[in-house]
Amino acid sequence: MTYRIELKNVSKSFGEVQALSGVDFQVGQNEVVGLLGDNGAGKSTLIKILNGFHQPTSGEIYFNGKQVRNLTVQKARRLGVETVYQERALAELQTLWRNIFLGRELSNPLGFMDVRRMKAETHYLMTQSMGFTSSAVTPESPIQTFSGGEKQGVAIVRALYFDADIIILDEPTMGLSLKETRKLINFVHGIRAAGKSAVFIDHNIFHVYSVADRVVVIDRGRVAGEFRCADITLDELMNKMYQIAETGSADGETIEGDSLG
Amino acid sequence: MSAMSEIEAVQPYEEQFSLARFARSNGAQLGILGVFFLLWTIFIVSAPETFLSPQIYLAFMSTIPFFAIMAMPLTVAVIAGEMDLSFTSIMAIGMVGFMMVHDATNSILLAFLAALLTGLFAGFLNGVIVVQFGIPSLVATIGTQFFWRGAVLVLSEGKNGSLLYAGESLLHPILVGKIGGVFPMQMIWLVIVTVATWVLLNKHRFGAHVYLIGDNEKSARLMGINAGRVRILVFSLVGIVSAFAGVVASMYVTYFWPSLGDGYLLRTLASVFLGGTSVFGGTGTILGTFIGAFIIGAIEAATVAIGLTGFWTQLIYGLIIVASVTMHSYLRRSLK
């Protein structure tokens, strides 16, 4: 079986700081992978390597079994990776349509944009997928007036619009109301139902357990444990997490040489 | 999940006109238009002989383009969250390139291209300093302003030079001739630069990226926009257009002064900010700058025509600039 995306022995350091060391990570076809780990464990660095924002210091990246070198965000987006960031990666003063098409404006080979079409598609997405019904919101509305959930909706719809088949969600429930969180969890179920893959990062182990096929735990820049949700109960998973937090390993033994910087 | 194929069938979206929405999304432009008409009314009422005759408007169209042309790419730079203080020196270094290549080749066309290339290079260099070395553009362009002015003085040995040879060439009527003996060509060039910048900013990906990096650079980079490249292009654009404005202004007097561009700095910047472009980046319009430039350009003549002494000019500039940017700031907050 070829993985949809695979990292082999990937390390990343920022100057003196070793953010990731020797990480192997895979996302299968139509698989939802939950990524757990403490603040600073390296989750964000890992996803930013998956989506081309950071280039690994060493290691290899494969898409559908083929190695891709010099991955950039543009390249990753063309390969079907879209990211919904914790901070949502929106431009608050700009209009809704500009945010939907941020970085991937519909344009001809000379770079001239099809503004009409972008507004039309935004209008369609607004009414069909984002549930904006109020006439006060148009494709021309600047998004600084939107609520947290609405902004999250913009970031998600943007990921879907480009027909991404690997959707990375970085702490997507942060700052959402209970109702909005439930909507988001349903949305992740929807990703799997549609035959796509996802990487789901969240602090909340309950959210991750309820949507993921597989959970990968990152600790101090390494993969500390990997579990299929079908093979482990929530209680067991929580115990493993405590163990990892204390010892750096899911087996209760300290991983050799894990002292960092 | 919306597949692309479904999306192809989307009906064109027709925005329904709403006066409130129009006012909200064009607040800055309506604001500056209001200021413009208010001032114009004051001018006409106080000095009807001057402001009801076409002569004064032909005079405006002949002198305002020299700095208004540069205000256009400068607007783009400010929207991108950057500042450029070096363009006045780039005007002059472009002309040094012009004269050196003319001396060497005797070709006006090559000289003109050399001026543009010199400006492009100087702007590109600003961009590289800002992007590669991470120097804030306000600081970097103070440095290059001095550097290029210094280069002008060294290369020209501080001497003025007649451009009579260029005055007899075809370039002169093309840049600063008078259509039908009255209408100044530089106004046509201002309109061309204005329209081209507007198209670039509003209809081209480049312009979309300018707004995005000025608004939230981090988001733009997370979504794959090469912010550094956009910045370098923005500074290059300011450079090439400034050199062009330098040629136009020098052709007008068919004379080269090493101090070319001095005195344009604050007028050009004032046009941009008067027009409602935010110093914080992310918002701004070309139409606003266009109107702003005409307000700035008209105040001097108006002060004198109204019967005040020239001493009043700067005071009135100051009042109008402060009042206008206050209005813009208020509009931005209340039209959210």
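Residues numbered from 1 in each chain as written. Chains lettered and ligands numbered in written order. Predicted model: local features only at pLDDT ≥ 70, side-chain atom pairs only at ≥ 80, totals over all residues.

Participant: I'm lost on the overall build of chain B in this one. Help?
Facilitator: Secondary structure summary: chain B contains 18 helices and four strands in total. A buried classification covers 47% of the 336 residues belonging to chain B. Considering only intrachain contacts with a sequence separation of at least 6, the fraction spanning at least 24 residues in chain B is 75%. (Helix = DSSP H or I, 4+ residues; strand = E, 2+ residues; numbered from the N terminus. Buried ≥ 20, exposed ≤ 12 C-beta atoms within 10 Å, placed from the backbone. Contact = placed C-beta atoms within 7 Å.)

Participant: Looking at this structure, I do not really get the overall build of chain A. What am I missing?
Facilitator: Across its full length, chain A carries eight helices and 10 strands. Summarising its shape, the C-alpha atoms of chain A cover approximately 60 × 40 × 35 Å along the three principal directions. The long-range share in chain A, meaning contacts at least 24 apart out of those at least 6 apart in sequence, stands at 66%.

Participant: What is the right way to read the pairing of strand β1 (residues 5-14) of chain A from this model?
Facilitator: Both faces of the sheet carry side chains from a regular strand, because those side chains alternate between them. Residue and element names in this part refer to chain A. Sheet topology note: the β1/strand β4 (residues 58-63) ladder contains five bridges and is antiparallel. Looking at β4, one finds that Ile-5 is bridged to Phe-63. Of the strand pairs in this sheet, β1 and strand β2 (residues 17-27) are connected by seven bridges, and their pairing is antiparallel. Bridging across to β2, Ile-5 finds its partner in Val-27. Where β1 folds back onto β2 in an antiparallel hairpin, the turn is made up of two residues, including Gly-15, whose phi is positive at roughly 60°. (Pairing = 2+ DSSP bridges.)

Participant: Sorry if this is basic, but what is going on with the sheet that holds β1 of chain A here?
Facilitator: Whenever strands of a sheet pair, they do so through backbone hydrogen bonds, lying parallel or antiparallel. One open sheet accounts for four strands, arranged β2-β1-β4-β5 (chain A); its pairing is antiparallel. Lying at the two open borders of the sheet, with one neighbouring strand each, are β2 and β5 (66-67) of chain A.

Participant: Explain the pairing of β4 of chain A here, please?
Facilitator: In this sheet, β5 of chain A lies alongside β4 of chain A in antiparallel orientation, the contact comprising two bridges. Directly across from Phe-63 of chain A, in β5 of chain A, lies its bridge partner Lys-66 of chain A.

Participant: Any chance you could explain the interface of chain A and chain B here in plain terms?
Facilitator: Reports often express the size of an interface as the amount of accessible area lost when the parts come together. With 37 residues of chain A in contact, the opposing surface of chain B contributes 29 residues. For the side of chain A that touches chain B, the element with the highest residue contribution is helix α4 (residues 115-130) of chain A, accounting for eight residues. Residues that form the side of chain A that touches chain B fall into these classes: 17 nonpolar, 11 polar and nine charged. (Nonpolar A, V, L, I, M, F, W, Y, C, P; charged D, E, K, R; others polar.)

Participant: Sorry if this is basic, but what is going on with unusual backbone geometry here?
Facilitator: All names here are of chain A. In this model, Asn-9 sits at a positive phi of 50°, which is unusual for a non-glycine residue. One non-glycine residue, Asn-70, lies in positive phi territory at about 50°. Here Asn-70 shows up in the loop between β5 and α2 (73-78).

Participant: What exactly am I supposed to notice about the sheet that holds strand β9 (residues 214-219) of chain A here?
Facilitator: All names here are of chain A. Sheet architecture is open: six strands sit in the order β6-β7-β8-β3-β9-β10, paired in mixed fashion. Edge positions in the sheet fall to β6 (81-84) and β10 (222-228), since each has one partner strand and no second. When the angles between neighbouring strand axes are averaged without regard to direction, this sheet yields 20°. Examined bridge by bridge, β9 and β10 share six bridges and lie antiparallel to one another. When the bridges of β10 are listed, Ile-218 appears paired with Val-223. Across the face of the sheet, helix α8 (residues 234-247) comes into contact with β3 (32-36), β9 and β10 while running at roughly 170° to β10. (Axes fitted to C-alpha atoms, helices over the stretch in contact; angles between N-to-C directions.)

Participant: Can you help me understand the nonpolar core in this one?
Facilitator: For soluble globular proteins, nonpolar side chains are generally found buried alongside one another. In terms of nonpolar packing, the biggest core is built from 170 residues, with Val-199 and Phe-200 of chain A together with Ile-69, Val-210, Val-241, Val-247 and Val-248 of chain B touching the most fellow members. Of all the elements, helix α15 (residues 227-253) of chain B adds the most residues to this core, at 15 residues. Every residue in contact with Val-247 of chain B, bar those within four places of it in the chain, is listed here: Gly-94, Met-95, Phe-98, Phe-112, Ala-115 and Leu-175 of chain B. (Core = buried A, V, L, I, M, F, W, Y, C linked by C-beta atoms within 7 Å.)

Participant: Mind showing me how you'd approach the packing of helix α5 (residues 54-63) of chain B against helix α17 (residues 286-306) of chain B here?
Facilitator: How two helices pack is summed up by the angle between their axes together with the distance between the axes. All names here are of chain B. As a packed pair, α5 and α17 sit with axes 10 Å apart at the nearest point and diverge in direction by 125°. Relative to α17, α5 is oriented oblique. In this structure, α5 meets α17 at a crossing whose hand is right-handed. Contacts between α5 and α17 involve Ile-56, Ala-59, Phe-60 and Thr-63 from the former and Phe-294, Gly-297, Ala-298 and Ala-301 from the latter. Residue classes in the contact of α5 with α17 are distributed as six nonpolar, two polar and no charged. (Parallel < 35°, antiparallel > 145°, perpendicular 65-115°, else oblique. Left-handed = near helix turned anticlockwise from the far one by under 90°.)

Participant: I keep staring at the environment of Arg-205 of chain B and nothing clicks. Help me out?
Facilitator: Inspection of the secondary structure assignment puts Arg-205 of chain B in helix α13 (residues 205-215). Arg-205 of chain B gets classed as buried once you count the C-beta atoms within 10 Å, which come to 21.

Participant: Help me understand the environment of Phe-43 of chain B, please; the structure alone is not making it clear to me.
Facilitator: All names here are of chain B. In this structure, Phe-43 sits in helix α3 (residues 27-46). For Phe-43, a count of 21 C-beta atoms within 10 Å gives the class buried. Sequence separation between Phe-43 and Ala-305 is 262 residues; the distance between their C-alpha atoms is 8.3 Å. Among all residues touching Phe-43, those that are not within four sequence positions of it are Phe-51 and Ala-302.

Participant: Explain the packing of α3 of chain B against helix α18 (residues 312-334) of chain B to me, please; I cannot follow it from the model alone.
Facilitator: All names here are of chain B. One can describe the packing of α3 onto α18 by two numbers: an axis separation of 10 Å at closest approach and a directional angle of 150°. Judged by the angle between their axes, α3 and α18 are roughly antiparallel. Pair α3 / α18 crosses with right-handed handedness. Residues Gly-27, Ala-28, Gly-31, Ile-32 and Val-35 of α3 lie in contact with α18, whose contacting residues are Ser-324, Met-327, His-328 and Leu-331.

Without other data, these values stay purely geometric and don't point to any function.
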